[in-house]
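Here are the chains, one letter per residue:
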Amino acid sequence: MRWIWIDKFVEFERGRRAVSVKNVTLAEEHLHDHVPGYPLHPPALMIEGMAQTGGVLVGEAFDFQEKVVLAKVTRAVFHRHVRPGDQIRLEAVVQGEVRSEGAGIEGRITCNGLLVAEIEMMFAHLDQSRVPLDLDEENFVFTEDFIRMLRMRNLGQLPPPEPGGA
Amino acid sequence: MALSRDEITEKVREALVDALGVDEGEVVATARIGADLGAESIDYLDIVFRLEKAFNIKIPRGDLFPDNVLTSEEFVQNGKLTDRGLAELKARMPYADLAQFEKNPNVQDIADLFTVEMIVRYVEGKLGGAGA
């Protein structure tokens, strides 16, 4: 199983803004288990989808060389349910700019033009941490497989992965 | 139009409330960002972003919260800042009140210098001493 909660990118402005979409379907098992008898796309997975949209936006700004991790969810407010058959649109906008230490994003999720959620989150570049961590050189966040998958999912700006590189 | 100190303080308070999820009443001048308001490492970056946006200023890495003064043996020995270390800290943080810290400059107490008042002074300096 892959832990990916967005289907594709539909807009991408390097270092500034990204928009992804996710189609919600009853074929997804978790919809049956989250609230039995009332299938919903769980808000926690919408936060994860925003983290993936924003994480790729932040990672791409430095050519996926940094280990970008979700460091905190500053704010998450949900306004309406997302049901099977819905397509949600996840828009992440970088606050200011992507810096050497990391970045913050402001996110909005909509469905048919209606506001579903407002989410703010922070991403850190692990190797630039104030407290140095003993990490491998290999980028375990943006692996070659992950970047290949991103290209398949319509992130046209991405260059082909370097053979053997991250 | 130049902002008054009260206006700067209010915007700083707003940034800290949003970044740290604390109540407005907790954000008093003497409150320490870490020990009193609960900021963790990523929160410092969040605060920097919010201040940049609120005041339309640029805050280079390490400018507000110096993060590399303590890595040199020249500046730190036996867990305390040397005279040169103190001089470096003063040069890097002219907006901080080091009077108490200087008496016993334990490295681990440096985080206590990061107070609400210190941020207000820093912003005042960035804005050209407005309201001072």
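Residues numbered from 1 in each chain as written. Chains lettered and ligands numbered in written order. Predicted model: local features only at pLDDT ≥ 70, side-chain atom pairs only at ≥ 80, totals over all residues. Heavy atoms only, no water.

Just to check I follow, could you spell out the overall build of chain B for this structure?
Within chain B one finds 5 helices and 2 strands. In chain B, the order of α-helices and β-strands from amino to carboxyl end is α-α-β-β-α-α-α. The C-alpha radius of gyration computed for chain B amounts to 15 Å, which stays within 12% of the reference 14 Å derived for 132 residues, consistent with globular compactness. Buried residues in chain B amount to 45% of all 132 residues. (Helix = DSSP H or I, 4+ residues; strand = E, 2+ residues; numbered from the N terminus. Rg over C-alpha atoms; globule rule 2.2 N^0.38 Å. Buried < 20%, exposed > 50% of the residue type's maximum accessible area, 1.4 Å probe, protein only.)

I tried to follow the confidence of the model for chain B on my own but got confused; where do I start?
Low pLDDT means the predicted coordinates in that region are not meant to be read closely. Chain-level pLDDT for chain B is 89 on average; 96% of the residues reach the 70-or-more range. As scored by the predictor, the complex reaches a pTM of 0.81 and an ipTM of 0.76. (pLDDT = per-residue confidence, 0-100.)

Quick question: what am I supposed to make of the nonpolar core here?
The nonpolar side chains of a soluble globular protein tend to be buried, and buried together. Grouped together as the largest cluster of nonpolar side chains are 42 residues, with contacts concentrated most on B:Val12, B:Leu16, B:Ile33, B:Leu51 and B:Ile119. Those elements that provide at least two residues to this core are helix 1 (5-20), helix 2 (41-55), helix 3 (83-92) and helix 5 (116-126) of chain B. Ranked by residues supplied to this core, first place goes to helix 1 of chain B with 7 residues. The two domains that each donate at least three residues to this core are domain 1 (1-60 + 114-132) and domain 2 (66-111) of chain B. B:Leu16 has contacts with B:Gly21, B:Val22, B:Val27, B:Ile33, B:Leu37, B:Ile47, B:Val116 and B:Ile119, leaving out every residue within four places of it along the chain. If you look at the next biggest cluster of nonpolar residues, it comprises 34 residues, including A:Met46, A:Ala51, A:Met121 and A:Leu150. (Core = buried A, V, L, I, M, F, W, Y, C linked by side-chain atoms within 4.5 Å. Domains from an automatic or database assignment. Contact = heavy atoms within 4.5 Å.)

Mind showing me how you'd approach the sheet that holds strand 1 (residues 8-13) of chain A here?
Residue and element names in this part refer to chain A. If you walk across this open sheet you meet the 6 strands as 1-2-4-5-6-3, and the pairing is antiparallel. The open sheet has two edge strands with one neighbour each: strand 1 and strand 3 (68-78). The sheet shows a mean angle of 20° between the axes of neighbouring strands, taken without regard to direction. Pairing between strand 1 and strand 2 (residues 17-23): 5 bridges, direction antiparallel. Looking at the pairing, Phe-9 lines up with Ser-20 of strand 2. Relative to strand 6 (residues 114-125), helix 2 (residues 43-61) is tilted by about 50°, and along the sheet it contacts strand 1, strand 2, strand 3, strand 4 (87-94), strand 5 (102-111) and strand 6. (Pairing = 2+ DSSP bridges. Axes fitted to C-alpha atoms, helices over the stretch in contact; angles between N-to-C directions.)

In this structure, what is going on with unusual backbone geometry? I would like to understand it.
Negative phi is the rule for most residues except glycine; trans is the rule for most peptide bonds. Look at A:Asp63: it is not a glycine, yet its phi comes out positive at around 55°. As for its position among the elements, A:Asp63 is in the loop between helix 2 and strand 3. Of note, B:Asn56 is a non-glycine position whose phi angle comes to about 55°, a positive value. Relative to the helices and strands, B:Asn56 is located in the loop between helix 2 and strand 1 (76-77).

Teacher, can you tell me more about the packing of aromatic side chains here?
How two aromatic rings sit relative to each other is set out by the distance from centre to centre and by the angle between their planes. Tallying each qualifying case throughout the model produces 6 aromatic pairs over all chains. On the basis of an interplanar angle of 80° and a centroid distance of 5.6 Å, the ring pair of A:Phe9 and A:Phe12 is categorised as edge-to-face. By the burial criterion, A:Phe9 is buried, and A:Phe12 matches it. For the ring pair B:Phe65 and B:Phe114, a centre distance of 5.0 Å and an interplane angle of 65° mean the geometry is edge-to-face. Note that B:Phe65 is positioned in the loop between helix 2 and strand 1 and B:Phe114 in the loop between helix 4 (99-103) and helix 5, a separation of 49 residues in sequence. B:Phe114 carries the same exposure label as B:Phe65, and that label is buried. What links up through ring pairs into an aromatic cluster is the set B:Tyr44, B:Phe65 and B:Phe114. Here B:Lys11 stacks its cationic end above the ring of B:Phe55, 5.6 Å away from the centre of that ring. (Phe/Tyr/Trp six-rings, centres within 6.5 Å; stacked < 30°, edge-to-face > 60°. Lys NZ or Arg CZ within 6 Å of the ring centre and 35° of its normal.)

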